[in-house]
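Listed below are the residues making up each chain.
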Amino acid sequence: MAEGLSSPVGPRVVVAGRERDYFSGTGYLGLQSDPRVLTAAQAALARFGLSTATSRGGYGEHPLYGELEQAICAYFGTERALYLPTGYLGMMLLLQGLRGQVERLFVDEAAHFSLWDAARGSGLPMVPFHHLDAEDLRRQIALHLRPGERPLVLSDGVFPISGEIAPLPDYLHIIAEYEGLVALDDAHGVGVLGAHGRGTPDYWGVNNARCLTTATLSKALGGYGGFLADRQARIQHWLAHSAVYVATSPPPLPIAAASAEALRIALAEPQRRERLWQNVALARAGLRALGWDLPDTPVPILCLKAQPGVDLGALQQRLFEADICVAYVTRYTSTPPGGALRIAIFATHTEDQINRLVETIGRLI
């Protein structure tokens, strides 16, 4: 069995009985272990118990779910939000809700498993296009879209291993002439990208009704569960055409309370995101100096691809022996050929930790 955490997640963790610098996972804003978030969960547990023990609707509704959805709306500037048991279900609900509005799906070949599962479950024809390749998307639409059909493009906003950002403006330009839509799973974009931290559309400055997003609270935003946030009329339509929301048990009440508090902190403390961007820039500059070609983006996922003379698996193990935790990935969506070291940067990392990471990698290679 792989070694796991035996301490709260943060920039320093205990793994295998030792305290180590932690550059893995998805706690980008450092909210998962914030004392205010933990206090909110404890208070909800003591007052309300673990769960409503039924699906939402009727007696399964609870003020804590409403408070969380209001916090989502406040953060994203939307009229309505839906809170789901997991982000994995978000695209499934969306595709069910869009039934009759699109006829053919065009899916980035490196899209997350959840997008492919939702696409297959929709029963609509699916056409893959080359990863992040807007011109290939254009070709595939021209080749496969039948007269009268409307396309839906499915992609991650930020890809979980490569850290690449989808070229959203290009996709929207292509589908506009077909009255199509673009749907992003923005799990790794929300909280960290854009002037307001609202994710990939915010990063590109896009405010377009043809762009839909689903996301999760479990990564940068420090909580747990999936969500959709949009206009009231749209949400109501999706609810009327999907069984996901009413047929699944919602997350435990303490999780909803903790998630709402984490969102409120993220909204009130934009300096966390600014600190994250500074840390990302420092790490990217250091690793570029060691020979890795890394794009200049604020994404807190740094993907060190295979290169001649470097055994990435051995490098990860030697970093672990030096009390530094990074992930070595060979089989996950968006993993480049030959595997990669996935390095996650947090707002709570210190400059000394990041410099030590870079210096240690430089010494080991």
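Residues numbered from 1 in each chain as written. Predicted model: local features only at pLDDT ≥ 70, side-chain atom pairs only at ≥ 80, totals over all residues. Heavy atoms only, no water.

J.: Just checking my understanding: could you explain the pattern of salt bridges for this structure?
T.: Side chains bearing opposite charge may pair, as long as their charged atoms lie close to each other. Evaluated as defined, the whole model comprises 18 salt bridges. The partner of Arg36 in a salt bridge is Glu269, and the shortest N-O contact between them spans 2.9 Å. In this pair, Arg36 is assigned in helix α1 (residues 35-48) and Glu269 in the loop between α10 (253-268) and α11 (271-289), connecting sequence segments 233 residues apart. Of the charged contacts, one joins Arg56 and Glu61 as a salt bridge, the two residues approaching to 3.0 Å between their closest N and O atoms. A relative accessible area of 35% means that Glu61 is categorised as partly exposed. In the salt-bridge network here, residues are joined through shared partners; they are Arg12, Glu19, Asp21 and Arg356. (Salt bridge = Lys/Arg side-chain N within 4 Å of Asp/Glu carboxyl O. Helix = DSSP H or I, 4+ residues; strand = E, 2+ residues; numbered from the N terminus. Buried < 20%, exposed > 50% of the residue type's maximum accessible area, 1.4 Å probe, protein only.)

J.: How should a nonpolar patch on the surface be read in this particular structure?
T.: On the surface, a nonpolar cluster with roughly 270 Å² of combined accessible area is contributed by Tyr88, Phe113 and Tyr332. When you line up the elements, Tyr88 lands in the loop between β3 (80-84) and α3 (90-97). Overall, the relative accessible area of 34% leaves Tyr88 in the partly exposed class. (Patch = residues over 30% accessible without salt bridge, like charges linked within 9 Å, V, L, I, M, F, W, Y side chains within 5 Å. Areas by Shrake-Rupley, 256 points an atom, 1.4 Å probe, with all protein chains shown as cover.)

J.: When you look at unusual backbone geometry in this model, what are you seeing that I'm missing?
T.: Excluding glycine, a negative phi dihedral is what most residues carry, and trans is how most peptide bonds are arranged. If you check the backbone angles, Glu179 has positive phi at about 55 degrees while not being a glycine. Locating Glu179 in the fold gives a position in the loop between α6 (168-176) and β7 (181-185). Positive phi is not limited to glycine here, since Asp323 has a value of about 65 degrees. Taking the relative accessible area as the measure of exposure, Asp323 reaches 13% and is therefore buried.

J.: Help me understand the packing of helix α2 (residues 63-76) against α10 in this model?
T.: Helix packing for two helices is described by the angle between their axes and how far apart those axes are. Following both chains from N to C, one finds α2 and α10 inclined at 25 degrees, their axes separated by 9 Å at the closest point. The orientation of α2 relative to α10 falls into the category roughly parallel. The crossing of α2 and α10 is left-handed. Touching Leu64, Tyr65, Leu68, Ala71, Ile72, Ala74 and Tyr75 of α2 are Leu253, Ala256, Ala257, Ser259, Ala260, Leu263, Ala266 and Leu267, all from α10. (Axes fitted to C-alpha atoms, helices over the stretch in contact; angles between N-to-C directions. Parallel < 35°, antiparallel > 145°, perpendicular 65-115°, else oblique. Left-handed = near helix turned anticlockwise from the far one by under 90°. Contact = heavy atoms within 4.5 Å.)

J.: Would you mind going over the pairing of strand β1 (residues 12-15) with me for this structure?
T.: Side-chain positions along a regular strand alternate between the two faces of the sheet. Covered by surrounding structure in β1 are Val13 and Val15 only, the residues Arg12 and Val14 on the alternate face being uncovered. Pairing geometry for β1 and strand β2 (residues 18-22), over four bridges, is antiparallel. Residue Val14 lies in a different strand from β2, and its bridge partner there is Glu19. Hairpin remark: β1 followed by β2, antiparallel, with two residues in the connecting loop; positive phi at Ala16, about 55 degrees. (Pairing = 2+ DSSP bridges.)

J.: When you look at the pairing of strand β9 (residues 226-230) in this model, what are you seeing that I'm missing?
T.: Most of β9 is tucked away, with five of its five residues classed as buried. The alternating pattern of β9 places Gly226, Leu228 and Asp230 and Phe227 and Ala229 on opposite faces, both of which are buried. Strand direction decides the pairing type here: strand β8 (residues 211-216) and β9, joined by two bridges, are antiparallel. Residue pairing for β9: Thr216 is matched across the bridge by Gly226.

J.: Quick question: what am I supposed to make of the packing of aromatic side chains here?
T.: Centre distance and the angle of the planes are the two values used to describe a pair of aromatic rings. What the rule picks out here adds up to seven aromatic pairs. Look at Tyr65 and Tyr83: their rings are 6.2 Å apart centre to centre, the planes differ by 45 degrees, and that puts the pair in the tilted class. With Tyr65 in helix α2 and Tyr83 in strand β3, the pair connects residues that are 18 residues apart, well separated along the chain. There is no split in this pair, since Tyr65 and Tyr83 are both buried. Ring pairing ties together the aromatic residues Tyr75, Phe76 and Phe227, which thus form one cluster. Cation over ring: Arg20 sits above Phe320, and NZ or CZ is 3.9 Å from the ring centre. (Phe/Tyr/Trp six-rings, centres within 6.5 Å; stacked < 30°, edge-to-face > 60°. Lys NZ or Arg CZ within 6 Å of the ring centre and 35° of its normal.)

J.: What am I meant to see in the packing of α3 against helix α4 (residues 113-122) here?
T.: At a closest axis distance of 8 Å, the pairing of α3 and α4 adopts a crossing angle of 30 degrees. In terms of orientation, α3 lies roughly parallel with respect to α4. Judged by the twist between their axes, the crossing of α3 over α4 is right-handed. When α3 is examined against α4, the residues Met91, Met92 and Leu95 are found in contact with a partner set consisting of Leu115, Ala118, Ala119 and Ser122. For the contact of α3 with α4, the per-class residue count stands at six nonpolar, one polar and no charged. (Nonpolar A, V, L, I, M, F, W, Y, C, P; charged D, E, K, R; others polar.)

J.: Sorry if this is basic, but what is going on with the sheet that holds strand β10 (residues 301-305) here?
T.: Backbone-to-backbone hydrogen bonds join strands into a sheet, with any given pair of strands oriented parallel or antiparallel. Pairing is antiparallel in the open sheet, where three strands are placed in the order β10-β13-β12. If you trace the sheet from one side to the other, it starts and ends with β10 and β12 (327-329), each paired once. Direction aside, neighbouring strands of the sheet carry axes that sit 30 degrees apart on average. Pairing geometry for β12 and strand β13 (residues 340-344), over three bridges, is antiparallel. By the bridge assignment for β13, Val329 is matched with Ala340. On top of the sheet, α11 reaches β10 and β13; it is set at about 10 degrees to β10, its chief contact. Against the sheet, helix α12 (residues 312-321) engages β10, β12 and β13, with an angle of about 40 degrees to β13.

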